[in-house]
Amino acid sequence: MSETTPAPSPATGSDKPAKEEESFLVFLLKLVVLVAIFRSFIFAPFNIPSESMLPRLVNGDYLLAAKWPYGFSRYSLPFALPLLPEERVLASPPERGDVVIFKQPPLKDLDYIKRVIALPGDTVQMVEGQLILNGQPVPKQRLTDFEIAISPNTRCYSPQYAARRADGIDVCRYPRFRETLPGGRSYEVLDLGPREKDNTDPVMVPEGHLFLMGDNRDNSEDSRFPAEPGRGIGLVPMDNLVGKAQVMMWSTDGSAEWLKPWTWFSAARWDRIGSGF
């Protein structure tokens, strides 16, 4: 009696593409979940669209912010999804001098970046452009002028700051200073001379809030200004914190063109990439 080998089921071959498609969709879903977790709880990219943090940050910078140092809330999640409470969990306070990303009050739909100047219980005042913290002037040392090349991402505030280097490159030059906070944290600021908010009343920072300022003191609507949508930020609740600036991952002067790949490299500010905070 002879034996015969059963023929392959016709459905076997047709199942393979379906299984491959299903496997790809599962992989894609896992990838999306992993990216969402990474961006929500570990690191997330942010770009700098203004010059309020000159000289440390310039228009066209792209940085990575650490999401864990100050705890997590719904603002840690993409699109501020209401999967976490508005109040931070695993919360830790920032330190004076930290560069922080936060949601601007009161609408909480925009990401802002400023420097922490004062913590709850501190008293802050500006007197003729001098920062006063808890009744003591914050040391302010004059440095050489800050210089930045004019580009599609950078313009001079007025002709008095425009200059031309010996190599023919047009630049902006601004008065630069170094401030040193209590505890020794120091950073550079720009001070363009007498301006509206060079003199303010003393403000005591309430519990659960922060007083934040831009390093470009005369071009920053920060905690010296009342909170208004798209403008000043007032005293910022700690629950609005999103992350801590960690490392510069890219910077461009804005001159790149998509149809000219070589400009992608000539537009890069290579000396800024990789610098930390």
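Keep in mind that this is a model prediction, so the values were computed, not measured. (Residues numbered from 1 in each chain as written. Predicted model: local features only at pLDDT ≥ 70, side-chain atom pairs only at ≥ 80, totals over all residues. Heavy atoms only, no water.)

A separate point is the sheet that holds strand β17 (residues 241-251). Strand order in the open sheet made by the seven strands is β1-β2-β17-β3-β4-β15-β16, with antiparallel pairing throughout. In the strand order of this sheet, the two ends are held by β1 (43-47) and β16 (236-237), each with one partner. Where strand β3 (residues 99-103) and β17 come together, three bridges link them in antiparallel fashion. Note on β17: the bridge partner recorded for phenylalanine 102 is leucine 241. (Pairing = 2+ DSSP bridges. Helix = DSSP H or I, 4+ residues; strand = E, 2+ residues; numbered from the N terminus.)

Moving on, we come to the sheet that holds strand β12 (residues 176-180). Taking strand neighbours across the sheet as the criterion, the three strands line up as β8-β12-β13 in an open arrangement whose pairing is antiparallel. Pairing within the sheet leaves two strands with one partner each, and these edge strands are β8 (140-142) and β13 (186-190). Averaged over all adjacent pairs, the angle separating strand axes in this sheet is 30°, with direction ignored. Here β12 pairs with β13 via five bridges, running antiparallel. Bridge pairing in β13 places glutamate 179 opposite tyrosine 187. (Axes fitted to C-alpha atoms, helices over the stretch in contact; angles between N-to-C directions.)

A word on empty space enclosed by the protein. Scanning all chains against the criterion turns up one cavity of 30 Å³ or more. By volume, the largest cavity amounts to about 30 Å³. Along its surface, the largest cavity is lined by Met126, Gly129, Lys140, Asp191, Asp198, Arg217 and Asp218. Within the lining of the largest cavity, the residues separate by chemical class into one nonpolar, one polar and five charged. (1 Å grid on protein atoms, 1.4 Å probe; cavity = no way out; pocket = protein on both sides within 12 Å on 5 of 7 lines; lining within 4 Å. Points joined across faces, edges and corners; volume = space filled by probe spheres on them. Nonpolar A, V, L, I, M, F, W, Y, C, P; charged D, E, K, R; others polar.)

Position of lysine 67 relative to the elements: it lies in the loop between β2 (61-66) and β3. Of the side chains with opposite charge, aspartate 111 lies nearest to the buried lysine 67, which makes no salt bridge, at 8.1 Å. For lysine 67, the side chain forms a polar contact with the main-chain oxygen of serine 76, separated by 2.9 Å. (Buried < 20%, exposed > 50% of the residue type's maximum accessible area, 1.4 Å probe, protein only. Lys, Arg positive; Asp, Glu negative; His and termini not counted. Salt bridge = Lys/Arg side-chain N within 4 Å of Asp/Glu carboxyl O. Polar contact = N/O pair within 3.5 Å; in protein donor to acceptor, adjacent residues only side chain to side chain.)

A few words on the pairing of strand β5 (residues 123-127). Alternating residues of β5 divide into Val124 and Met126, all buried, and Thr123, Gln125 and Val127, none buried. Across two bridges, β5 lies against strand β14 (residues 203-204) in antiparallel orientation. Counterpart to threonine 123 in the pairing with β14 is methionine 204. Sheet topology note: the β5/strand β6 (residues 130-133) ladder contains four bridges and is antiparallel. Its bridge partner lying in β6, valine 124 is registered against leucine 133. With antiparallel pairing between neighbouring strands as the criterion, β5 and β6 make up a hairpin whose turn holds two residues, including glutamate 128 at a positive phi of roughly 50°.

So, about the packing of aromatic side chains. What the rule picks out here adds up to eight aromatic pairs. With 5.2 Å between their ring centres and 70° between their planes, phenylalanine 41 and phenylalanine 72 make a pair best called edge-to-face. With a gap of 31 residues between them, phenylalanine 41 in helix α1 (residues 10-41) and phenylalanine 72 in the loop between β2 and β3 connect regions that are remote in the sequence. For phenylalanine 41, a relative accessible area of 31% puts it in the partly exposed group. When the ring of phenylalanine 43 is compared with that of tryptophan 68, the centres are 5.2 Å apart and the planes differ by 85°; the resulting orientation is edge-to-face. Remark: tryptophan 68 occurs in the loop between β2 and β3 and phenylalanine 43 occurs in strand β1; sequence separation between them is 25 residues. The class for phenylalanine 43 is partly exposed, based on a relative accessible area of 22%. (Phe/Tyr/Trp six-rings, centres within 6.5 Å; stacked < 30°, edge-to-face > 60°.)

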